[in-house]
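Here's the letter readout for the chains.
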Amino acid sequence: MGRVYNFSAGPAVLPEEVLREAAAEMLDYQGSGQSVMEMSHRSKVFDKIIKDAEQDLRDLLNIPDNYKVLFLQGGAHLQFAMIPMNLMKNRVADYIVTGQWAKRAFKEAQKFGDAKCIASSEDKTFSYIPDCSDLPIDDNADYVYICENNTIYGTKFKTLPNTKGKDLVADVSSCFLSEPMDVSKYAIIYGGAQKNIGPAGVVIAIIREDLITEDVLPGTPTMLQFKTHADNDSLYNTPPCYGIYICGKVFKWLKKQGGLEVMKERNEKKAAILYDFLDQSKLFKGTVEKNSRSLMNVPFVTGDADLDAKFIKEATEAGFVNLKGHRSVGGMRASIYNAMPIEGVEKLVEFMKKFEAENA
Ligand SMILES: *Cc1c(COP(=O)(O)O)cnc(C)c1O
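About the thresholds
- Residues numbered from 1 in each chain as written.
- Predicted model: local features only at pLDDT ≥ 70, side-chain atom pairs only at ≥ 80, totals over all residues.
- Heavy atoms only, no water.
- Helix = DSSP H or I, 4+ residues; strand = E, 2+ residues; numbered from the N terminus.
- Buried < 20%, exposed > 50% of the residue type's maximum accessible area, 1.4 Å probe, protein only.
- Contact = heavy atoms within 4.5 Å.
- Core = buried A, V, L, I, M, F, W, Y, C linked by side-chain atoms within 4.5 Å.
- Domains from an automatic or database assignment.
- Pairing = 2+ DSSP bridges.
- Axes fitted to C-alpha atoms, helices over the stretch in contact; angles between N-to-C directions.

Considering the arrangement of structural elements, one finds glutamine 100 in helix H4 (residues 100–109). Overall, the relative accessible area of 19% leaves glutamine 100 in the buried class. Each residue touching glutamine 100, except ones within four places of it in the same chain, is listed here: Phe126, Ile152, Tyr153, His326 and Ser328.

Bringing the nonpolar core into the picture now. Ranked by size, the top nonpolar core spans 89 residues in total, and within it Leu61, Leu177, Ile204, Ile206, Phe284 and Phe311 carry the most contacts. Among the elements that take part in this core, helix H6 (residues 241–257) stands out by supplying nine residues, more than any other. Shared between two domains, this core holds at least three residues of each, these being domain 1 (17–257) and domain 2 (258–358). Not counting chain neighbours up to four residues away, the residues in contact with leucine 61 comprise Phe176, Leu177, Met181, Val183, Ile206 and Leu260. Counting residues in each nonpolar core, the second largest holds 36 residues, with Leu70, Ala93, Tyr95 and Ala205 among its members.

Below, the discussion takes up the sheet that holds strand S14 (residues 332–335). Strand pairing in a sheet relies on backbone hydrogen bonds, with the paired strands running either antiparallel or parallel. Judged by pairing direction, the sheet is antiparallel, and its three strands sit side by side in the order S11-S12-S14 without closing on themselves. Edge positions in the sheet fall to strand S11 (285–286) and S14, since each has one partner strand and no second. Strands S11, strand S12 (297–301) and S14 of the sheet are contacted by helix H7 (residues 260–280), whose axis makes an angle of about 20° with S12.

Here's what the structure looks like:
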């Protein structure tokens, strides 16, 4: 069987070239006589893998020197706790709740202090990004938190919130490396790798150095202190070695494509193919307000649950897989991350046109 077009929200499609390279190196990584899965994380060979990965990521995002790059574990979910544990000096933080992941992060932060929801789009099933130009930011807030791209609902912040001078923390799991970003506008950028970067099991955090201190909430475990990982170049304990190796390959692939400007153009083109079709379709419609649309996750519905199910079934049979929407939204969702080729989106739209004609 050949490869399908995989529209999964995560774990998600990876560049075929990366998978082929990894396959070729599976038994013998560059003459080491071992798989990367088998080698010591203290070896010279692995040291080069993790250092190269960090440097390539720095090159791609133009990460300023006063930011640390950490390769962590525990999924984005562990950051929901690590961020307050490391940053909540005043025990106050402001959260903008634009979806389920932001809400989970907000709830988790409430365990550690006075986390406030200062804006939300829950009133309309998170189908838009609220106006964040003049929010009631607390004078004592240790940070303002956003989920920049809302994987489940398909929305994205087009402009960052006005944090009134407070540090901005962003979960970018599902838009990481989809376009250039100005790292200096953030205190922390973090994301799980399994959406747009690599396999599950790796979390990448980019943290401004002055935020990495011993001044954390009392009782914060060693493993949950940013400083532990920063002081040890992400090698305090055994890191997710194989995952980091694949992320490194994806970074090299992105550089080869021309970097994040090129990815942005490509991602805009792919998203436009799908949104333009949805905007004129008589059967399918997008669920997100136009000015909040994500380039990465595109939810859509027919308005009829049975027809949605029929579409998903027939699409799967035709080789377009993982199009079922998140259980909290229903309908369909096409995740079109960096590694989804343009022809995958073009062929999906052709298939949707055919389905529309047959089910008019
Ligand atoms: C998938 C996702 C999460 C959850 O990630 P885990 O690695 O499963 O903890 C959090 N935030 C965003 C934006 C996501 O897309």
